[in-house]
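An overview of the molecular structure
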Amino acid sequence: MAMSLAFHIIFAVMGIGMPLLMVLAERQWLRTRQPVWLDLAKRWSKGTAILFAVGAVSGTVLSFELGLLWPTFMEYAGPIIGMPFSLEGIAFFTEAIFLGVYLYGWTKLSARAHWWAGVAVAVSGTVSGIFVVFANAWMNSPTGFTLVDGKPVALDPIAAMLNPAALPQALHMTLAAFATTGIAVAGIHAWMLRKDRSSPFHRAALAVALWIAVPASLLQIVSGDLSAKFVAKTQPVKLAALEGHFKTERGATLRIGGIPNERTRETPYAIEIPKALSFLAFADFDAEVKGLEAFPESDWPPVAVVHIAFQIMVGLGSLMALASLWVVVLWIRKRAPADSRPLLGFLALLTPAGFIAVEAGWVVTEVGRQPWIIQGVMRTADAVTPMPGLVVPFLAFTALYIFLGVIVAWLLWAQIIRTRPA
Amino acid sequence: MPEPLLPHVLAFVTMLALNAYVVLGGADFGAGVWDLLARGPRKDVQREAIAHGIGPIWEANHVWIILVVVLLFTCFPAVYAYLSVALHVPLVLMLFGIVLRGSAFTFRAYDSTNSPVQKWWGRIFSIASTVTPVVLGMSVGAIVSGAIVTPPDATFTARFLTPWLSPFAIAVGGLTLAVFAFLAAVYLTVEAETHDLQEDFRRNALGAAVIVGACALATLITGRETVSKLTDTLLTHTLAIPLQIITGVAALSAIAALVTRRYRIARAAAVVPVSAIVWGWALAQFPWMVPGVHSVTSAAAPAVTQRLVAYGLAAGAVLVVPSLWVLFSVFKSDTMSAFERVDTAEYRATDTPPKERS
């Protein structure tokens, strides 16, 4: 399951970002009629097609795996959080339909109708991603039911769907999708431009990618801050683990880097900034931040994993924001980003940054919630299937996904990026 | 009218979605079977027609199964959990099939330069298309026969393997494959652009019809001992006789239309008996969703969830039904003439000269 999710999330992220790139490129084509834009739109639609297909089948696996691995969880949670899944199903249906229309309809539709089909793909893809995150957010802040004798009663699926974590998490994930895709595409074309600065194809691609990457990466800083403040309020154990923060204190120290040690209850080798954690978590330099020691050890997530994943996510996110800021400065000075050789190098280096940050962020939210599958309600160990020998399907799916991942990467490279523009 | 109404409506919608998956998504799998079996001088043309027929629609068709799963875990969570445990092994196999089929088809479509590799994708696509329906059918056979109901302390084999490996389940698996292949061949007769190609698919369709008949017979024979209830209900229920008459008439009309080369009529008629098999299954098992364990009413989620899902489905239908209509009217309305290769076709908007050039 974890493997399937880790794999699927990459495709989901690009599946949300790519259609927007494709639609923007086609719009430029309709406006300017410069063939380079049509070429770009077609290439990106190929990429979308490959990513969507693999994303759709790996998503199908997930919809079954929820039951195959966590039957108890689903029996419990299905009626409460089925709502966003049902809505996601509808959004996904719409996306699949219009993707078919878009990919195979270049000659069958008017240019305008074709473009709108692309818009429908981009919108429904984003919306379906948001609904899935809503369901995940519920696992972090379960609402919309009352527990009586360990059984959920008085269900309110709407309240469950619009749980307190839903909006901060959905915003964070959607921005992550756009930032990741934008930076990855910009990075690839930046790398190409370092060899061939005048290529109109790569210049156009870089420009569109940056339109998405820059605002998303900058807004992500704000959204990340909101998310952290939310976690501080609702999941103090998770926050303490994120920060490698063991002792409850006022004016808590922010630790950047470092390796938390659960035995000695210290986080050595970190850069420490006094009082900064209190400020970031509660907007008050003297606020009290609960340390892990305030909670029973049986409720701790694996602290080192969560802390390090969090450092990776924030670090890479900050680098992406820094690159975006650089681009904004160039825009203000009316210089094309494609003409700045150091920026191109920086972007090329950042190509995989978004993906790594997304995976790290996923570790933060999922591992950070352990040992709970539903925060404070159900423990992960109680939810797992009674089926023995789970390691067999796990290894088989892992092998399959690695294989597919390699193929997709190779196809995107060979079919879309490497081939010379017409 | 069964009481309470809402769970029955939702169970009905779930079956309707499954029915749609069988006649639409099922045919996409069936097309893969014909890709595997493509023979003779026109085998490449056949494969191309197959790829062209399912390319624009298979992903939308595939969503029906996701809808079934989502409805099941939202509205009948106990059934979903039960089936997920009991059918763990075949469902995992089916998922492998689904992943390989979809990815390989897409990889083949977008890997236009490298022909030896492309052949491999074609092979994986067609084999996965053939194996997946069999496993799906075996799972259904295990459910309908009640074999999935095993004590939790049974051995691994008795609990997780034998239920879906019974002769009856295997017969249902064969029937599923044959039905999917039959549907695909009938649809392809309408979409084939040349007379020769039509004749190929017509022959395939008639051959598949014979195998469907044989598998149906095998299902009844193997089922007589283990699932006398199924055959009993199918013969005695008040709805059974009309259902069987409709099935018989439609099946014969489809075959007659194929023989006389009236392909559009055959396509319309072929859907009926296939759907009737799906509903016959539902009827045979009713009111049980897991025979003897979970019924439509006992497994139903709380009323508030059901009501919200019903609203959601109604709202979704407003969005999805017209969209589906657009999809099928763009790609399937004049399937006799609209048959250009997508990757060589030029974008219509390129007909107008560019306003400016850089």
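As the structure is a prediction and not an experimental result, all values here were calculated from the model.

**A few points about the overall build of chain A**
- Helices and strands together make up the secondary structure of chain A, namely 14 helices and 8 strands.
- Taking 2.2 N^0.38 as the reference for a compact globule, 422 residues should give roughly 22 Å; the C-alpha atoms of chain A span a radius of gyration of 22 Å, in line with that estimate.
- Overall size of chain A, expressed as C-alpha extent along the three principal axes, is 65 × 45 × 40 Å.
- Of all 422 residues assigned to chain A, the portion counted as buried reaches 61%.
- When contacts within chain A are restricted to residue pairs at least 6 apart in sequence, long-range pairs at least 24 apart make up 75% of them.
- For chain A, the accessible area works out to roughly 16100 Å², and carbon and sulfur atoms hold 69% of it.

**What to know about the interface of chain B and chain A**
- Contact with chain B, which involves 75 residues of that partner, is made by 75 residues of chain A.
- Where chain B abuts chain A, roughly 6800 Å² becomes buried across the two surfaces, and 77% of that area is made up of carbon and sulfur atoms.
- For the pair chain B and chain A, the number of links is 0 salt bridges.
- In this structure, the connection of chain B to chain A is made through 3 residue pairs in polar contact (both at pLDDT 80 or more).
- Listed by contribution, the elements that provide at least two residues to the side of chain B that touches chain A are helix H3 (58-75), helix H4 (77-86), helix H5 (88-110), helix H7 (156-161) and helix H13 (303-332) of chain B.

**Section: the environment of A:Gly118**
All names here are of chain A.
- With respect to the helices, strands and loops of the structure, Gly-118 is situated in helix H4 (residues 111-140).
- Taking relative accessible area as the criterion, Gly-118 reaches 0% and is therefore assigned buried.
- For the pair Gly-118 and Gln-311, spaced 193 residues apart in the sequence, the C-alpha separation amounts to 37 Å.
- Sequence-distant contacts of Gly-118, defined by excluding residues within four places in its chain, comprise Met-22, Val-23 and Tyr-102.

**Quick notes on unusual backbone geometry**
Residues and elements named next belong to chain A.
- A cis amide bond links Gln-370 with the next residue in sequence, Pro-371, at an omega value of 5°.
- Turning to its location among the elements, Pro-371 is positioned in the loop between helix H12 (353-367) and strand E7 (372-374).
- Even without glycine at this site, Lys-334 takes up a positive phi of about 60°.
- For Lys-334, the position within the fold is in the loop between helix H10 (303-332) and helix H11 (341-350).
- In this structure Lys-334 comes out as exposed when scored by relative accessible area, which is 76%.

**A look at the nonpolar core**
- With 225 residues, the main nonpolar core has A:Trp44, A:Phe73, A:Trp138, A:Leu206, B:Phe76, B:Phe107 and B:Phe182 as its most contacted residues.
- The element that contributes the greatest number of residues to this core is helix H2 (residues 35-69) of chain A, accounting for 19 residues.
- Those residues within four positions of A:Leu206 in sequence are excluded, and the remaining contacts are A:Ala186, A:His189, A:Ala190, A:Leu193, A:Pro337, A:Ala338, A:Leu344 and A:Leu347.
- One finds A:Leu242, A:Val289, A:Phe295 and A:Val306 within the second-largest nonpolar core, a separate group that totals 24 residues.

What counts, and where the lines are drawn
- Within every chain, residues take consecutive numbers counted from 1 along the sequence as written.
- Ligands are numbered from 1 and chains lettered from A, in the order in which they are written.
- This being a predicted model, a pLDDT of at least 70 is required before a residue's local features are given, and a value of 80 or more before pairs of side-chain atoms are given or counted; all residues contribute to the totals for chains, interfaces and linings.
- As a convention, hydrogens and water are excluded, and side-chain values are obtained from all of the structure's heavy atoms.
- Strands are runs of DSSP state E lasting at least 2 residues, helices are runs of H or I lasting at least 4, and numbering of each runs from the N terminus.
- The atom set for the radius of gyration is the C-alpha atoms, and the globule formula is 2.2 Å times the number of residues raised to the power 0.38.
- Exposure classes here rest on a 1.4 Å probe applied to the protein chains alone. A residue is buried below 20% of its type maximum, exposed above 50%, and partly exposed in between.
- Contacts were defined at the residue level, with two residues in contact if any of their heavy atoms lie within 4.5 Å.
- Note on areas: these come from Shrake-Rupley sampling with a 1.4 Å probe, and a residue is covered only by the protein chains present in the view.
- In this description, buried area is defined as the sum, over both parts, of the accessible area (probe of 1.4 Å) that is lost when the two are combined.
- By definition, a salt bridge exists where a carboxyl oxygen of Asp or Glu is found within 4 Å of a side-chain nitrogen of Lys or Arg.
- Polar contact is defined as a pair of N or O atoms within 3.5 Å, subject to the rule that within protein one atom must be able to donate a hydrogen and the other to accept it, and that residues adjacent in sequence are counted only when both atoms are side-chain atoms.
- To define a nonpolar core, start from buried Ala, Val, Leu, Ile, Met, Phe, Trp, Tyr and Cys residues and group those joined through side-chain atoms within 4.5 Å.

Geometric descriptors of this kind do not, in isolation, establish any biological role.
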